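So the chains spell out like this:
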Protein chains: 2
Amino acid sequence: MSEMNGAKSLLATLVGAGVEVCFTNPGTSEMHFVAALDEEDGMRAVLGLFEGVVTGAADGYGRMAGKPACTLLHLGPGLANGLANLHNARRARTPIVNVVGEHATYHRALDAPLTSNIEGFAAPVSGWIRVSESAGSVAADAAEAVQAACAPPGQIATLILPADTAWNPADGAVDPLPLQAPETASAQQIDSVVAALKSGEPCAMLMNGDAVTEQSLLLAGKLAKFCGVQLIGDTFISRISRGAGRVNVERLPYFAEQAEEALAGLRHLILVGTKAPVSFFAYPGKASELTPEGCSIHSLSAPGQNAHAALEAVVEACGATGLAAELANLNRPALPTGELNPTSIAQALSALMPEQAILVNEAATSGFALPGMTANGPQHDWLDLTGGAIGMGLPAATGAAIACPDRRVVALQGDGSAMYTVQALWTMARENLDVTTIIFNNRKYAILQVEFMRVGAHNPGPKAMSMLDLSKPDLDWISLAKGMGVPALRPTDAESFSKALAESFATPGPFLIEAVI
Amino acid sequence: MSEMNGAKSLLATLVGAGVEVCFTNPGTSEMHFVAALDEEDGMRAVLGLFEGVVTGAADGYGRMAGKPACTLLHLGPGLANGLANLHNARRARTPIVNVVGEHATYHRALDAPLTSNIEGFAAPVSGWIRVSESAGSVAADAAEAVQAACAPPGQIATLILPADTAWNPADGAVDPLPLQAPETASAQQIDSVVAALKSGEPCAMLMNGDAVTEQSLLLAGKLAKFCGVQLIGDTFISRISRGAGRVNVERLPYFAEQAEEALAGLRHLILVGTKAPVSFFAYPGKASELTPEGCSIHSLSAPGQNAHAALEAVVEACGATGLAAELANLNRPALPTGELNPTSIAQALSALMPEQAILVNEAATSGFALPGMTANGPQHDWLDLTGGAIGMGLPAATGAAIACPDRRVVALQGDGSAMYTVQALWTMARENLDVTTIIFNNRKYAILQVEFMRVGAHNPGPKAMSMLDLSKPDLDWISLAKGMGVPALRPTDAESFSKALAESFATPGPFLIEAVI
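Residues numbered from 1 in each chain as written. Chains lettered and ligands numbered in written order. Predicted model: local features only at pLDDT ≥ 70, side-chain atom pairs only at ≥ 80, totals over all residues.

Caption draft 1: The arrangement of the overall build of chain A in detail. A count of helices and strands for chain A gives 20 helices and 18 strands. Taken over the C-alpha trace, chain A has a radius of gyration of 24 Å; the compact-globule value for 517 residues is 24 Å, and the two agree within 12%. Considering only C-alpha atoms, chain A reaches an extent of 65 × 60 × 45 Å along its principal axes. Among the 517 residues that make up chain A, the fraction classed as buried is 63%. (Helix = DSSP H or I, 4+ residues; strand = E, 2+ residues; numbered from the N terminus. Rg over C-alpha atoms; globule rule 2.2 N^0.38 Å. Buried ≥ 20, exposed ≤ 12 C-beta atoms within 10 Å, placed from the backbone.)

So this is what it looks like as structure tokens:
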């Protein structure tokens, strides 16, 4: 190995702490980090052709691997391009070590063209920020960054690396720092929930985070058996275990009035790994807080607390340990026939999806049939758009595929959101990832056509409607995929869609199916 | 017109202040603004399928129109996606009224999924930020935003618009506020420059901003005639007037050692519309400040001051008013033959480009032959990547074409940077813009392969080199363009390239030429 420098000490420290993948789009100020990659066998480097791909992939990876990837971004603008998917990762509470190159310490004050306030850009998405000020401190900073990223429930730790701290001599790696364990719920939290469950009054549990792992859901299922508590998942969940042999949960609907209806009549809302529900947007004259009047809120486990342990304690206190949770049975539908539409697509998916698939859901309005159709499919994990910043799906699918090379990833993707980070297709092709992308191409921002009416913006005119329309010209997804090296098909009915889907599932590597609906 | 609300008062105020184009990718919180578009004939709305397209188009528009467009972005993540091109616009000192939707005032505190620190994201790129707190204040805030955006030399004014301030009743538009005139250079500034020019010692003028308009360059040309002062443009210029009948200037080279060579021996460096030169990046053991030792710096006109008036005063004080500046003659090269490479592409462009073309240069390393080849072409404007945040070219070309519908825009575009905001091609197709995009497809981040060596990162290994390489798979630009409705060709020699270029210049609407070099 050639002479140790800050960049090498950083990489060695990250690898020592278990960080194995670097998603990157580097620039000049990051070249020493890039050079160091060849001296670290333990670090895989994955190039994205846009930073939104890089950060979204780190999000998808972190959700599936349960540990952080690192990024490597080029100065403030490179970070800026990745912020929207870091926002989603922040909402998913995904651990990420977000490494951002900076000008050399002595160069910063000169206000060269690429100079910007990197900490300013990073602050809104980061739980931890550090600027390394010397090569000698980089390794220790990196160890702290990993520790911070993994602090329960997981967060973005941004490490800003001036170029001279990368190229100057350094001492080498430092040992990993101990990881912080999640807090356990207090006896008071447990007691309050047990009392609610035993009250005989209408109860629901709203769940997210580590409350929706297979094992935690089993515990929740015992409580449902015990007292009929309703199990509800958040509208958008970072990662949930689903399918045959698992406890199924309904989701809180997206539209506020439907969510209110779902919660109506409850006297106790028990929060497990989440916060009290609020509407996604505000609407004139409508409430933003969704908890019904007269309903008590009990936080069993806040994000960052240990939901599984808390559920275990509640199950025990209720004497429900021996109860058998109701589990989804395997019940694949028949293959669909006839028209290709969101329902037949969901049906074909459930009929054909392989065991242990990873479904990445950014299908928006086109995805309505997916949860129901797949609930009795084979076991799978499901990842949602947690922060509402569209453009998460293709990158997260990319990262999930890198985290889980033995599993098929299915990106369920609206056309509008797919365009945001379409460059991810190239990374799927380069890394030959087993990702099947289904583009629900309705040629519009359909959700906005709904929302336009819902916010009370009356009398839609042609200019307004044109802003919500993706036709003129139609996007041609076969060509877009081909342009980035991903084979693609555009089936026109349910039968040919199923055939294409089966072919993709049987063939290693990425594939795109454009479903014009 | 239906009942006045905040959104309508905003639009009417913007139109009244001369803002005629809104580049947008809106979301739910911006639907009232979108609805108001149909009641304002004076506002053209242009949809981009990603916010980097939106802000880059606003930059290109502002540079060519000399007045601001507005944007309309969706909450913090929508703004975040547009930040990199706002960074470039900030460096170009482009006036932009940057409108960002926000949750309703009462919804902000609930921390819904899309909630973020919008002001935090906006601060690093904005010269002015305002959050409208009531519908009644929106119109006045908008008038101030236009005034702020136009404050010399031009800046980004970010107006954050909570949804309820858009939908609540309001009084209507307010009148435009007076625009601030640029300061004039002081007598001391003028005298110092005149003394330098008369000193007989080696002098150069480094120019940018309003120092490189046709009329300002004529004045600089008189001074060159008067005393031989060397005229040098900044490495990256927001907009420069070039071609036959105009004063040509060399550019300060990008690489620091070449820039140092260009400035070596100078005793006086006169800054007109710019700052003292610094290297783009720092390199180990190399100076970051480029002004030679023993060279005095004279600021004739800082950015925001009136460069033309200052040059006029200097010309007069030197008695150079009657001198004739040396002007470029029209000298188009013959059409190239044989190999397609950066030189033959530049030659074909100069041979064929129409009068008053707008060249948008993001060709990076592939663009080396362009300045020399086009210096004696027909008159044209030339726009550079001012902030180093790649992905500016296609969006800026889009905006420039909307600002100047009677002129052909030529996007000179590296493949790596084109991928960043490739969605701009769709907007070119939708708006049927006269943009010819030339993709210099060398299938690599060539600049980074150079910089890797220059920063002293030795012994490039396969992992490092893979991060700088865009092959595996090759990007297929014909398919990418087709996917977004832009016709395209991939000529393989200089003759067929010229034919494709001529065809594009003769045909209204967008066209893409992929040059594999």
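Moving on, there is more to tell.
Caption draft 2: Up close: the domain arrangement of chain A. Residue and element names in this part refer to chain A. When its domains are assigned, chain A resolves into domain 1 (6-167), domain 2 (187-317) and domain 3 (342-516). The interface is formed by six residues belonging to domain 1 together with five residues belonging to domain 2. Per-class residue counts for the side of domain 1 that touches domain 2 are three nonpolar, one polar and two charged. (Domains from an automatic or database assignment. Contact = placed C-beta atoms within 7 Å. Nonpolar A, V, L, I, M, F, W, Y, C, P; charged D, E, K, R; others polar.)

Caption draft 3: Spotlight on the interface of chain A and chain B. Contacts between chain A and chain B engage 84 residues on the former and 84 residues on the latter. Here the side of chain A that touches chain B gets eight residues from one element, more than from any other, and that element is helix H4 (residues 75-92) of chain A.

Caption draft 4: Molecular detail of the sheet that holds strand E5 (residues 128-131) of chain A. Residue and element names in this part refer to chain A. Strand order in this open sheet of six strands is E2-E1-E3-E4-E6-E5, and the pairing throughout is parallel. Unpaired on one side and paired on the other, strand E2 (44-47) and E5 mark the two borders of the sheet. Here the strands of the sheet are splayed against their neighbours by 20° on average, with no regard to which way each runs. Sheet analysis places strand E4 (residues 96-102) next to strand E6 (residues 156-162), joined by seven bridges and oriented parallel. Bridge pairing in E6 links Val100 to Ile160. (Pairing = 2+ DSSP bridges. Axes fitted to C-alpha atoms, helices over the stretch in contact; angles between N-to-C directions.)

Caption draft 5: Seen up close, the relation of the copies chain A and chain B. If you rotate chain A by 180° and push it 0.0 Å along the axis, it lands on chain B with an RMSD of 0.0 Å. Here the two chains are linked by the operation of a two-fold rotation axis. Of the residues that chain A buries at the interface, 100% are likewise interface residues in chain B, meaning the two copies contact each other through the same surface. (Least-squares fit on C-alpha atoms with pLDDT ≥ 70 in both.)

Caption draft 6: Up close: the pairing of strand E14 (residues 380-384) of chain B. All names here are of chain B. With five of five residues buried, E14 lies mostly within the body of the structure. Both faces of E14 are covered, namely the face carrying His380, Trp382 and Asp384 and the face carrying Asp381 and Leu383. In this structure, strand E9 (residues 240-242) lies alongside E14, joined through three bridges in antiparallel fashion. In the sheet register, Ser241 faces E14, and the bridge partner there is Asp381. Bridge count between strand E13 (residues 357-362) and E14: five bridges; the pairing is parallel. Bridge pairing in E14 links Ala357 to His380.

Caption draft 7: Region of the structure containing the packing of helix H12 (residues 342-352) of chain A against helix H20 (residues 494-506) of chain A. Residue and element names in this part refer to chain A. Interaxial distance between H12 and H20 falls to 10 Å at its minimum, and their mutual angle equals 35°. Crossing of H12 against H20: the hand is right-handed. Counting all contacts with H12, which are made through Ser344, Ile345, Ala348, Leu349 and Leu352, the residues of H20 involved are Ala494, Phe497, Ser498, Leu501, Ala502 and Phe505. Residue composition of the contact of H12 with H20, by class: nine nonpolar, two polar and no charged. (Left-handed = near helix turned anticlockwise from the far one by under 90°.)

Caption draft 8: A look at the sheet that holds strand E18 (residues 511-516) of chain B. All names here are of chain B. Spatial strand order, E9-E14-E13-E15-E16-E18-E17: seven strands in an open sheet with mixed pairing. Every interior strand has two partners, whereas the edge strands, E9 and strand E17 (488-489), have only one. With respect to the sheet, helix H14 (residues 393-403) is in contact with E13, E14, strand E15 (409-414) and strand E16 (435-441), its orientation differing from that of E15 by roughly 175°.

Caption draft 9: Representation of H12 of chain A in the model. Residue and element names in this part refer to chain A. Counted residue by residue, H12 has nine buried out of eleven residues, so it is predominantly covered. Every buried residue of H12 is accounted for by Pro342, Ser344, Ile345, Ala346, Gln347, Ala348, Leu349, Ser350 and Leu352. Buried residues along H12 sit against helix H13 (370-374), strand E15 (409-414), strand E16 (435-441), H20 and strand E18 (511-516).

Caption draft 10: Expanded view of the packing of helix H3 (residues 51-65) of chain B against helix H4 (residues 75-92) of chain B. Residues and elements named next belong to chain B. Here H3 crosses H4 at 25°, and the two axes come no closer than 7 Å. The orientation of H3 with respect to H4, classified from their angle, is roughly parallel. Helix-helix and strand crossings are classified by hand; for H3 and H4 the assignment is right-handed. Mapping the contact onto sequence places Glu51, Gly52, Val54, Thr55, Gly56, Ala58, Asp59, Gly62 and Arg63 in H3 and Gly78, Asn81, Gly82, Ala84, Asn85, Leu86, Asn88, Ala89 and Ala92 in H4. Within the contact of H3 with H4, the residues separate by chemical class into six nonpolar, nine polar and three charged. (Parallel < 35°, antiparallel > 145°, perpendicular 65-115°, else oblique.)

Caption draft 11: Representation of the confidence of the model for chain A. Of all residues in chain A, 100% attain a pLDDT of 70 or more, and the chain-wide mean is 97. Scoring of the predicted complex yields 0.98 for pTM and 0.98 for ipTM. (pLDDT = per-residue confidence, 0-100.)

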